Every structure is written in C-alpha cells, then in structure tokens.
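A look at the structure
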Amino acid sequence: MVSGILIGTSLIVASLTTSVVQMTVTLTLGVSCLSCSSVLMRAAVARCFPINYGTATGLAMSGFPVGTLLIAPLTQLLLDTYGWRAAMMLLGAMSLHLSACGALFRQRSRGSEKSNQYETLREDDDLDDSSPNNIAKEKSRLRAFKDALTAQTEHFGFSVFLKFSFWIATLLEVCIRFVSDQWLVYFVPQAEAKGFSPQEAVTFVTAAGIGNIVFKLVLGVVVDRGLLKLRPAMAAVIVMSCVSFVIVPWVTSYWMTLTNAVVFYGSCGAIGSLIDIFTRELLGVDLLISAFSWMEVISALVSLGFGFYPGWIYDETGSYDLAFVSLGCVWALSLVALLMEQVNARWYKK
C-alpha cells in the first residue's frame, strides 16, 4: 500500500515540477518503490500458494507483459491528447490503485513466527547462577556475540549471503535479468539496423509480449502437473534462448525475426517464473523477501555497470550481431548455476 502511494504521488508531483532536477529527485524517490512492490508480490504469491505455485506465479507475473502491451499505446494516446504533464498525472492516478491491491491482502499466520517470541525458562535453570552445573551450561561471551550477530543479520536480511544456494539463485537471476533488459533496450535499434521499419519493430515487440504471457502460463502448468520437472524445464528454456541469440546474424527475414523475438522473450517470461520456483525450493518461504530484494539489488548493479557494452560494440563494429551473440554467451552462464546446484546437492547428500 505504501509503495502504491509513493509511486502514484511521485508521478503526480513530477507533473507539476518546473525543472529537470525537481523531476529527477521526485521520480527517484517514488519510482524506486516499483522494485519493492515487485519483491513483495513475488514473496506473497510464494506464501499463499504452497501448491500450484508455477501456475500462480505465471499468472501473477503476466501483469508485466500485459502492462507493456496496454500501457504503451495508452501513454501515447494520453500524450497526444492532453500533453506530457496531464499524461503523467493520469498515470500517477492509475498507479495509486496499487494501494487498493495491497489492502485486499490478508495477513497470514505463520508458524515460523514462533522463533521471534519469548521462550519460558525452566525453573531449574534459574535457581543458582553460581553453581558449577549452571556455569558449565552458560554460553561463552564469544558464542553470545555470535548469536547476537546472527540474529541481527537475519533481522536485516543479510543472512542469505551465508547460504551458497542464494548465490546460485542470484547467478541465475543476474544473467537472465541483465540479458532480458539489454534485449528490451537494443532489440528495436537492432531491427531497424537490419532494414525493418519502426512499425515492423513495434509489431515484433508486441508479438514477443504475447509470447511472454503464453510461455509463462503454459510452462507453469506443465511444471505443476509434473509433465516436466523444474530443472530440465529450466535447462531447455535456457538452451532455446541461447540458440535464438546465436542465430541472430542469419535472421534477416520478417517472419524469422518475428519468430526469434517470440521465442526469446517468451523464454524470458518462462524462466522468470521458474527462477522464483527454484529460489523457493532452495531457500524456503521465510527467506524469500530478503533473497528477492538482494537479487534485485545485485542485478541492478550489474546492469548499471555493464549495460553500455552492447551499444559500445555497435559503435565499434557497426553491427548489433556480435553484441547479441555475446548476450547469448552471458545467458548461457545460467547453465553453470544449474550445474553448481546439482554438484552442491550431491555433495550435501554425501
């Protein structure tokens, strides 16, 4: 609810600003809550659907491509009709509906919350602190400090850093998020560089958005019904996406480009849902908010640090082909994460 209020208010206030600095500060403070609402939504779905989680997360996360398909032309219509200030104000008013969505959630009681409650001391433990038996049972100061530090790390969400499974899921998330973000930024310029018109490029993106929704829903149902196990499904989607990048230099016709866009962005939607299922299996429900939050932060830092290089490759070579092939190699690193998880699981069993 707070995220919805801040997002909507920031857009409305930004529409009234008179300088670039004012608009930048306003949007930075408010729109940063978009990631917060995304993390909370993903964690809420994981808590509310212990079964059929694949189908549930596919439906929940289909809102992003649906919004991409609907809000983009609506925004252009508002710009043409009312101008940028009124358009931004109306988008802010629409964003306030996120607060209503948050108000519809009910707090679920969780057994894990018992760990935050006080525990009753046994009577015989509190009789004589100076007896040899009680002194032997007391924890050392170092152990007490360690316990206190552990409690604080868990409270602030740092405890996930100590889990190897978190870094496996993070490697997956970073590779997938970085490549999908770069595809969204550079696909339309890449299509125009190959000779397609802007209208044709928009058609490719629209078809890709529809494929994103379909792939999410279908693969979620397939995994939930046990028709295909989670890890083989993830590996198949990753390989299919890698192939779509590798063949980019030879994709020149209209229908090949359209199919390639649908396959890749559809795979992005499917693997995004599967990563959430994978993370819940590795870390459990209680650590999902911390895990998703830090995964978002690390992904953002990677995109901020290396997001320029596809454009730099185009500036140096005059073609996006090498840039897209290199993105496919980054995407393939997610297979290393799956392999690491299998090795770690076998080592743990031994």
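Residues numbered from 1 in each chain as written. Predicted model: local features only at pLDDT ≥ 70, side-chain atom pairs only at ≥ 80, totals over all residues. Heavy atoms only, no water.

The name an unreviewed UniProt entry assigns to the chain is Monocarboxylate transporter, from the organism Patiria miniata.

What the chain contains, in helices and strands, is 16 helices and 0 strands. Burial statistics for the chain: of 350 residues in total, 37% are counted as buried. In the chain, 78% of the contacts between residues at least 6 apart in sequence involve partners at least 24 apart. As displayed, the chain offers around 20,400 Å² of accessible surface, 67% of which is attributable to carbon and sulfur atoms. (Helix = DSSP H or I, 4+ residues; strand = E, 2+ residues; numbered from the N terminus. Buried < 20%, exposed > 50% of the residue type's maximum accessible area, 1.4 Å probe, protein only. Contact = heavy atoms within 4.5 Å. Areas by Shrake-Rupley, 256 points an atom, 1.4 Å probe, with all protein chains shown as cover.)

The relative placement of two aromatic rings is captured by the distance of their centres and the angle of their planes. If you walk through the whole model with that rule in mind, you get 17 aromatic pairs. Here a set of aromatic residues connected by ring pairs shows up, and it is made of Trp 183, Phe 187, Phe 196, Phe 204, Phe 245, Tyr 254, Trp 255, Phe 264, Tyr 265, Phe 324 and Trp 331. Looking at Arg 280, its charged tip hangs above the ring of Tyr 53, at a distance of 4.1 Å from the centre. (Phe/Tyr/Trp six-rings, centres within 6.5 Å; stacked < 30°, edge-to-face > 60°. Lys NZ or Arg CZ within 6 Å of the ring centre and 35° of its normal.)

It is worth spelling out the packing of helix H1 (residues 2-14) against helix H6 (residues 84-95) at this point. Running from N to C, H1 and H6 cross one another at 170°; their axes reach a closest spacing of 7 Å. By the criterion of interaxial angle, the relationship of H1 to H6 is roughly antiparallel. Within the contact between the two elements, H1 uses Gly 4, Ile 7, Gly 8, Leu 11, Ile 12 and Ala 14 and H6 uses Trp 84, Met 88, Met 89, Leu 91, Gly 92, Ala 93 and Ser 95. Here the contact of H1 with H6 is built from residues that sort into 9 nonpolar, 4 polar and no charged. (Axes fitted to C-alpha atoms, helices over the stretch in contact; angles between N-to-C directions. Parallel < 35°, antiparallel > 145°, perpendicular 65-115°, else oblique. Nonpolar A, V, L, I, M, F, W, Y, C, P; charged D, E, K, R; others polar.)

What follows is about the nonpolar core. Membership of the largest hydrophobic core comes to 59 residues, with the highest contact counts inside it found for Leu 172, Trp 183, Met 234, Ile 271, Leu 274 and Trp 331. Sort the elements by how many residues they give to this core and helix H13 (residues 254-283) lands first, with 12 residues. Those residues within four positions of Trp 183 in sequence are excluded, and the remaining contacts are Ala 208, Phe 245, Ala 261, Phe 264, Tyr 265 and Phe 324. (Core = buried A, V, L, I, M, F, W, Y, C linked by side-chain atoms within 4.5 Å.)

Here we take up a nonpolar patch on the surface. A contiguous nonpolar patch, built from Val 239, Val 243, Val 246, Ile 247, Trp 250 and Leu 335 and spanning about 530 Å² of accessible area, is present on the exposed surface. The greatest single-element share of the nonpolar patch, amounting to 3 residues, is contributed by helix H12 (residues 230-246). Relative to the assigned elements, Val 239 resides in helix H12. Overall, the relative accessible area of 41% leaves Val 239 in the partly exposed class. (Patch = residues over 30% accessible without salt bridge, like charges linked within 9 Å, V, L, I, M, F, W, Y side chains within 5 Å. Salt bridge = Lys/Arg side-chain N within 4 Å of Asp/Glu carboxyl O.)

What follows deals with the packing of helix H15 (residues 309-317) against helix H16 (residues 321-349). Viewed as axis vectors pointing N to C, H15 and H16 meet at an angle of 145°, and their least axial separation amounts to 8 Å. For the element pair H15 and H16, the recorded crossing hand is right-handed. Side by side, H15 and H16 meet where Tyr 309, Pro 310, Ile 313 and Thr 317 of the first sit next to Leu 322, Ala 323, Ser 326, Leu 327 and Val 330 of the second. When the residues that make up the contact of H15 with H16 are grouped by side-chain class, the tally is 7 nonpolar, 2 polar and no charged. (Left-handed = near helix turned anticlockwise from the far one by under 90°.)

Per the counting criterion, the structure on display carries 9 salt bridges. Among the ionic pairs, Arg 42 bridges to Glu 173, the shortest N-O distance being 4.0 Å. Of this pair, Arg 42 sits in helix H3 (residues 33-48) while Glu 173 sits in helix H10 (residues 164-193), and the two are 131 residues apart along the sequence. By relative accessible area, Arg 42 is classed as buried at 6%. Given a relative accessible area of 6%, Glu 173 falls into the buried group. A cluster of three or more residues bridged by salt bridges with shared partners is formed by Arg 42, Glu 173, Arg 177, Asp 276 and Glu 296.

Any region with low pLDDT has predicted coordinates that should not be read closely. On average, residues of the chain score 82 in pLDDT, and 86% of them reach the 70 mark or higher. A low-confidence stretch, residues 111-119 stays under pLDDT 50, and its non-local contacts, those more than four residues away or across chains, total 2 contacts. Counting contacts from residues 121-130, a segment whose pLDDT is below 50, to residues more than four positions away or on other chains yields 7 contacts. (pLDDT = per-residue confidence, 0-100.)

Mapped onto the fold, Leu 77 is located in helix H5 (residues 63-82). The class of Leu 77 is exposed, set by a relative accessible area of 51%. For the pair formed by Leu 77 and Ala 87, sequence separation is 10 residues and the distance between their alpha carbons is 8.7 Å.

The residue Ser 244 is located in helix H12 in this model. When near neighbours in sequence (up to four residues on either side) are disregarded, Ser 244 contacts Asn 260, Val 263 and Phe 264.

As a further point, take the environment of Leu 104. Among the secondary structure elements, Leu 104 is positioned in the loop between helix H7 (97-103) and helix H8 (132-137). Sequence-wise, Leu 104 and Met 1 are 103 residues apart; in three dimensions their C-alpha atoms are separated by 9.7 Å.

Looking now at the side chain of Ser 180. Its place among the elements puts Ser 180 in helix H10. A relative accessible area of 11% places Ser 180 in the buried class. Reaching out from Ser 180, the side chain makes a polar contact with the backbone oxygen of Arg 177 at a distance of 3.0 Å. (Polar contact = N/O pair within 3.5 Å; in protein donor to acceptor, adjacent residues only side chain to side chain.)

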